[in-house]
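Chain by chain, the residues:
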Amino acid sequence: MTTPAAKTIHLLTRPGDGPGAREAFVRDVHDRLVPRLLEATSGPLKIGVTDEPKPRPSVIPLRSENLLMVSTYGEGGARVAEVLAAEEGTLAGYRVDESTPVDYTRTWADGTRTRGVVLLTLLRQNRRLSWDDFMYEWHGRHTPKAMRLHPLWSYTRNVVTDLAVAGSRRFDGIVEEVFPIGAVTDLAVFFDARGSDERMKANMRAMTASTARFLDDGTVDAVPTGRYVMSIRGAHV
């Protein structure tokens, strides 16, 4: 598990869920925005972008907007915010403490799409719980269960500590989970239970009960994204 690290996450959303709108958004991100973002910060840059059509059906409700997530470390967040603030769409920003209980070893080049799909989840605390109890349920009980019952090869928790952009919607946590490609459309893949309906149903019940304990029901937003990591200034997607 990594030591908690200070990080800034910016989310830029634009309407348009049609294939043409999504493809245009992705091209704009890669061809125009990423070079500008790389110029704005000398540190590592991680982006997530809705680079595939919204799956229908999906195993959980998914947001349909075009979304760009930009993660920076250290002092780069303010400069990235200046770039994104000039863009069409709605900008939100969060300062977070990041921890990664399980992660892959990256063997592919900068700017190459990470294998699988990154399910980005924006969550709110169950207000019946104190903050300490919320953190215990999320980190101490839910995280080990999620890693056991889902086929995850990376799980990153971001605890929101402050808003980086005034007026951003309030969230208490942002989770990045890397699944196999088929996980968002196939329950058996999502719950790591291919070939066993009994195991799938048991895992579904366990995860539903676990999330109900610490999340504000009905306020969770989930978005499937592709992840690209650039750790060297001037790298190209």
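Look above for the structure.
Residues numbered from 1 in each chain as written. Predicted model: local features only at pLDDT ≥ 70, side-chain atom pairs only at ≥ 80, totals over all residues. Heavy atoms only, no water.

### Some points on the overall build of the protein
And step 1. Counting secondary structure elements, the protein contains 5 helices and 8 strands.
And step 2. When the helices and strands of the protein are listed from N to C terminus, the series reads β-α-β-β-α-β-β-α-β-β-α-α-β.
And step 3. For a compact globule of 237 residues, the expected C-alpha radius of gyration is about 18 Å, and the protein comes in at 17 Å, within 12% of that figure.
And step 4. Dimensions of the protein along its principal axes, counting C-alpha atoms only, are 50 × 40 × 35 Å.
And step 5. Out of the 237 residues belonging to the protein, those deemed buried represent 53%.
And step 6. Of the accessible surface of the protein, which amounts to about 11000 Å², a share of 52% is contributed by carbon and sulfur atoms. (Helix = DSSP H or I, 4+ residues; strand = E, 2+ residues; numbered from the N terminus. Rg over C-alpha atoms; globule rule 2.2 N^0.38 Å. Buried < 20%, exposed > 50% of the residue type's maximum accessible area, 1.4 Å probe, protein only. Areas by Shrake-Rupley, 256 points an atom, 1.4 Å probe, with all protein chains shown as cover.)

### Thoughts on the environment of glutamine 125
And step 1. Along the polypeptide, glutamine 125 turns up in the loop between strand E5 (117-123) and helix H3 (131-149).
And step 2. Those residues within four positions of glutamine 125 in sequence are excluded, and the remaining contacts are Ser130, Trp131, Phe134, Asp172, Phe214, Leu215 and Asp216.
And step 3. At a separation of 2.8 Å, a polar atom in the side chain of glutamine 125 contacts the main-chain carbonyl oxygen of leucine 129. (Contact = heavy atoms within 4.5 Å. Polar contact = N/O pair within 3.5 Å; in protein donor to acceptor, adjacent residues only side chain to side chain.)

### Re the nonpolar core
And step 1. In terms of nonpolar packing, the biggest core is built from 26 residues, with Leu119, Leu123, Phe134, Trp138, Tyr155, Phe179 and Phe190 touching the most fellow members.
And step 2. No other element matches the 5 residues that H3 contributes to this core.
And step 3. With near-sequence residues (within four places) excluded, tyrosine 155 lies in contact with Ser99, Thr100, Pro101, Val102, Trp138, His142, Thr143, Ala146, Val175, Glu176 and Glu177.
And step 4. Judged by nonpolar contacts, the second largest core, of 21 residues, contains Leu45, Leu68, Val70 and Val83. (Core = buried A, V, L, I, M, F, W, Y, C linked by side-chain atoms within 4.5 Å.)

### Things to note about unusual backbone geometry
And step 1. With phi around 50 degrees, aspartate 192 is a residue other than glycine that occupies positive phi space.
And step 2. Locating aspartate 192 in the fold gives a position in the loop between helix H4 (187-190) and helix H5 (197-214).

### Overview of the pattern of salt bridges
And step 1. In the structure shown here, the tally under the stated rule is 18 salt bridges.
And step 2. Among the salt bridges present, the one from glutamate 176 reaches lysine 46, with a minimum N-O distance of 3.1 Å. In this pair, glutamate 176 is assigned in strand E7 (residues 173-179) and lysine 46 in strand E2 (residues 45-49), connecting sequence segments 130 residues apart. When sorted by exposure, glutamate 176 lands in the same class as lysine 46, which is buried.
And step 3. We note a salt bridge from arginine 95 to aspartate 162, for which the minimum N-O separation is 3.5 Å. Remark: aspartate 162 occurs in strand E6 (residues 154-163) and arginine 95 occurs in strand E4 (residues 90-102); sequence separation between them is 67 residues.
And step 4. Taken together, the shared-partner salt bridges in this structure form one network comprising Lys7, Lys46, Glu98, Glu176 and Arg227. (Salt bridge = Lys/Arg side-chain N within 4 Å of Asp/Glu carboxyl O.)

### Here's the deal with the packing of H3 against H5
And step 1. As a packed pair, H3 and H5 sit with axes 9 Å apart at the nearest point and diverge in direction by 165 degrees. Looking at the two axes, H3 sits roughly antiparallel to H5. Crossing handedness for the pair H3 and H5: left-handed. Along the contact surface, H3 presents Phe134, Glu137, Trp138, Arg141, His142, Lys145, Ala146 and Leu149, while H5 presents Asn203, Ala206, Met207, Ser210, Thr211, Arg213 and Phe214. (Axes fitted to C-alpha atoms, helices over the stretch in contact; angles between N-to-C directions. Parallel < 35°, antiparallel > 145°, perpendicular 65-115°, else oblique. Left-handed = near helix turned anticlockwise from the far one by under 90°.)

### Re empty space enclosed by the protein
Gaps left between atoms are located by rolling a probe of water-molecule size over the structure's atoms.
And step 1. According to the stated counting rule, one finds 2 cavities of 30 Å³ or more in the structure shown.
And step 2. Reported here for the largest cavity is a volume of approximately 60 Å³.
And step 3. Residue lining of the largest cavity: Lys46, Ile47, Gly48, Met69, Ser71, Val118, Glu176, Thr225 and Arg227, and that is the complete set.
And step 4. Where the lining of the largest cavity is concerned, the elements lending two or more residues are E2, strand E3 (66-73) and strand E8 (221-230).
And step 5. No other element matches E2, which puts 3 residues into the lining of the largest cavity.
And step 6. For the lining of the largest cavity, the per-class residue count stands at 3 nonpolar, 3 polar and 3 charged. (1 Å grid on protein atoms, 1.4 Å probe; cavity = no way out; pocket = protein on both sides within 12 Å on 5 of 7 lines; lining within 4 Å. Points joined across faces, edges and corners; volume = space filled by probe spheres on them. Nonpolar A, V, L, I, M, F, W, Y, C, P; charged D, E, K, R; others polar.)

### What to know about the environment of histidine 150
And step 1. Within the secondary structure layout, histidine 150 lies in the loop between H3 and E6.
And step 2. On the basis of relative accessibility, which here comes to 6%, the residue histidine 150 falls in the buried class.
And step 3. For the pair histidine 150 and methionine 230, spaced 80 residues apart in sequence, the C-alpha separation works out to 27 Å.
And step 4. Sequence-distant contacts of histidine 150, that is, excluding residues within four places in its chain, are made with Phe179, Phe190, Phe191, Asp192 and Met207.

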